[in-house]
Structures are given as structure tokens and as C-alpha cells.
Amino acid sequence: MLELFPEGFEELDSSDGVELVAYTDSGGEERLWHVFGGARAEDVAADWRERWQAFHQPVRIGPLWIGPPWADRPADATPIVIEPARAFGTGAHPTTQLCIELLLDLEPGSVVDLGCGSGVLSIVAAKLGFAPVLALDSDEHAVEAARTNAAANGVAVEARVADVLTSRLSAADLALANITRPALEELAPRLRSRRLISSGYLPTDAGGLEGFRHRRHLTRDGWAADLYEAAQ
Ligand SMILES: C[S@@+](CC[C@H](N)C(=O)[O-])C[C@H]1O[C@@H](n2cnc3c(N)ncnc32)[C@H](O)[C@@H]1O
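These numbers were taken from a predicted model, which means no experiment stands behind them.

With that settled, the discussion passes to the overall build of the protein chain. Tallying secondary structure elements over the protein chain gives six helices and twelve strands in all. Projecting the C-alpha coordinates of the protein chain onto the three principal axes gives extents of approximately 55 × 40 × 30 Å. In the protein chain, which comprises 232 residues, the share counted as buried stands at 43%. Partitioning the contacts of the protein chain with sequence separation of at least 6, the portion at a separation of at least 24 is 49%.

Below is the structure:
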């Protein structure tokens, strides 16, 4: 579901399990059938726009506010506006939040964001004074979203389509990788970064990484994030 609807889907508890709900069109329904071999379709309620907006709530992380374009921005925080679209990273997910919490404690420098999704981490980094910021994703919708969101937030982020597991990785002071643990383990020996913030895995999956020393470990709602420093 995350791959099909990275912009978000609902989990509704029912007596015999959990129901996964996507608000989509006929193209999305076709993708559901293709992947799951079945899906139940219902017309969305007339108030779908209000429900969609109620679903995407802003979050506060330290001095930052991250929210959708229609939400009121507070005067006492740095606003980062992310349009919920076809890319992961509205700011609501614990992995994104944990990465931002680790980022807030670092001195600014250059950044490479490996699996940028909506560009949220890159935009936060740029707002915090990190530069230059390079955002990479293998999904062209994500790269498009990252470019649009960076422009809407008035920050300089270079977003490019790239498979980070196969393409040459640029050197940067800090690498951000909110990606799966197997992908992270594959990436680590190829990274050319002094520091690494990683997430996208369970606390039980966290551990050492080739070429890095472990520095910090945060967990929330069953997810983990870590800060590493290059061993030399
Ligand atoms: C969990 S999302 C993280 C989005 C955002 N950085 C955040 O923290 O909210 C992971 C992203 O990594 C991208 N991704 C997964 N494998 C990749 C690969 N091999 N190369 C480039 N991007 C990849 C996905 O398309 C997705 O946008």
C-alpha cells in the first residue's frame, strides 16, 4: 500500500482485522486489483475534501511546523509546507520525524537525501541552513513533488531521479536515508559522507553499519532512527 499510495492511506480497525482504504480514482483501483487481486470500491462521501484535509494534520517538531497548504501556520515556528501528493513524506510518519529530530542537533553542511520522497527532509535541511542539498529518488513523481515543494518553500534543493543503490553517490557532509534497512546496508559502504542519519526500519532491525560508528538511536511508535559518523 505504501508503494501504491505513498501520499497516504487509511487503516481502519475491524472485528476480524484491519481494512486498508485508499482514496483514489479508477487508475488507483486498477493498481489495487493488479497487486492484490481484489478490492472493494465505494463512491467517496460528498465531504471527501474535508475528510482528506482532516486526515492530513500538521505536526510540530522543535522549532518547525510541517503541514499542508490549507492549514493555518503558527507565528512562533518555521513553517514547512508539504502538499500531500503522490510521494511519501508529509511529515506525519514517525521515521520522518525522528530523522528531523536528529538533524536539528547537527551543524549545517552539505546534504544528500537518499530516497527524498516529497523532499521533506531536504527542505527541512535547507531551512536549517544546510547547503547545498541534493535530493535523489528513483520515483519520478517523488522528484517532481520534491521540486514543487522546495520551490513552494523558497529553498534551493536540487532534485534528481536516481536509483541510489546503483548510481554514483555524491560526497556530502551529511547523508539522509529514510529507506529500508537492507537498502541502507547496501548503501553504507558506498556512502561518501561524514555523517549519516538513517531510518525506515524497526528498532529490532537497527545495528552497526560498515564504515560507520553508531552515535545516537531514537525510537517512536515502533520505528527507529540512528545517527552514524564515518569511521575515518
Ligand atoms: C520512506 S520514503 C522517505 C521519504 C522522505 N525522505 C521522508 O523521510 O519522509 C522512502 C523513499 O525512498 C525511495 N526509494 C526507495 N528505494 C530507492 C532507491 N533504490 N533509489 C532511490 N530512491 C529510493 C522511495 O521512492 C521513497 O520515496
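Enumeration according to the criterion identifies zero disulfides in this entry. Left unpaired, C99 is separated from the closest cysteine sulfur, that of C116, by 13 Å. Owing to a relative accessible area of 4%, C116 belongs among the buried residues under this scheme.

Once that is clear, we can look at the pairing of strand β2 (residues 17-21). Of the strand pairs in this sheet, strand β1 (residues 10-14) and β2 are connected by five bridges, and their pairing is antiparallel. In the strand pairing of β2, S14 is matched with G17. What sits between the antiparallel neighbours β1 and β2 is a turn of two residues.

A separate point is the environment of E29. For E29, the position within the fold is in helix α1 (residues 26-36). The exposure class assigned to E29 is partly exposed, which follows from its relative accessible area of 30%. C-alpha of E29 to C-alpha of L174: the two residues are 145 residues apart in sequence and 39 Å apart in space.

In this section: the sheet that holds strand β5 (residues 78-81). An order of β3-β4-β5 is seen for the three strands of this open sheet, with the pairing classed as mixed. Looking at which strands have only one partner, the edges of the open sheet turn out to be β3 (59-61) and β5. For this sheet, the mean angle separating the axes of adjacent strands, direction not counted, is 25°. The sheet contact formed by strand β4 (residues 64-67) and β5 spans four bridges and is parallel. Following the sheet pairing, G67 is matched in β5 by V81. Most of the contacts of helix α3 (residues 94-104) go to β3, to which it runs at about 30°, and overall it touches β3 and β4.

The tendency in soluble globular proteins is for nonpolar side chains to be buried as a group. I66, L103, V124, F130, L174 and I197 are the most contacted members of the largest nonpolar core, which totals 35 residues. Those elements that provide at least two residues to this core are β3, β4, α3, α4 (120-127), β7 (133-137), α5 (140-152), β9 (172-178) and β12 (223-230). A per-element tally of this core places α4 first, with six residues.

The strand order across the open sheet built from seven strands is β8-β7-β6-β9-β10-β12-β11, with neighbouring strands paired in mixed fashion. What marks the edges here is a single partner per strand, and that holds for β8 (158-161) and β11 (212-220). Taking the axes of each pair of neighbouring strands and ignoring which way they run, one obtains an average angle of 15° across the sheet. Where β11 meets β12, eight bridges bridge the pair, whose relative direction is antiparallel. Its bridge partner lying in β12, H214 is registered against Y228. Across the face of the sheet, α5 comes into contact with β7 and β8 while running at roughly 170° to β8.

Another point: a nonpolar patch on the surface. A cluster of nonpolar side chains, Y23, V44 and W48, forms an exposed patch at the surface whose accessible area comes to about 280 Å². Among the secondary structure elements, V44 is positioned in the loop between α1 and α2 (48-55).

This next bit is on the pairing of β4. Residue alternation in β4 divides its side chains into two sets, L64 and I66 and W65 and G67, and both sets are buried. Pairing analysis gives three bridges linking β3 to β4, with the strands arranged antiparallel. Paired with I61 across the strands is L64, a residue of β4. Linking two consecutive strands that pair antiparallel, namely β3 and β4, is a turn of two residues; a positive phi of about 55° is found at G62 within it.

Conventions used here
- Residues numbered from 1 in each chain as written.
- Predicted model: local features only at pLDDT ≥ 70, side-chain atom pairs only at ≥ 80, totals over all residues.
- Heavy atoms only, no water.
- Helix = DSSP H or I, 4+ residues; strand = E, 2+ residues; numbered from the N terminus.
- Buried < 20%, exposed > 50% of the residue type's maximum accessible area, 1.4 Å probe, protein only.
- Contact = heavy atoms within 4.5 Å.
- Disulfide = S-S within 2.5 Å.
- Pairing = 2+ DSSP bridges.
- Axes fitted to C-alpha atoms, helices over the stretch in contact; angles between N-to-C directions.
- Core = buried A, V, L, I, M, F, W, Y, C linked by side-chain atoms within 4.5 Å.
- Patch = residues over 30% accessible without salt bridge, like charges linked within 9 Å, V, L, I, M, F, W, Y side chains within 5 Å.
- Areas by Shrake-Rupley, 256 points an atom, 1.4 Å probe, with all protein chains shown as cover.
- Salt bridge = Lys/Arg side-chain N within 4 Å of Asp/Glu carboxyl O.

That is the geometry; function is a separate question.
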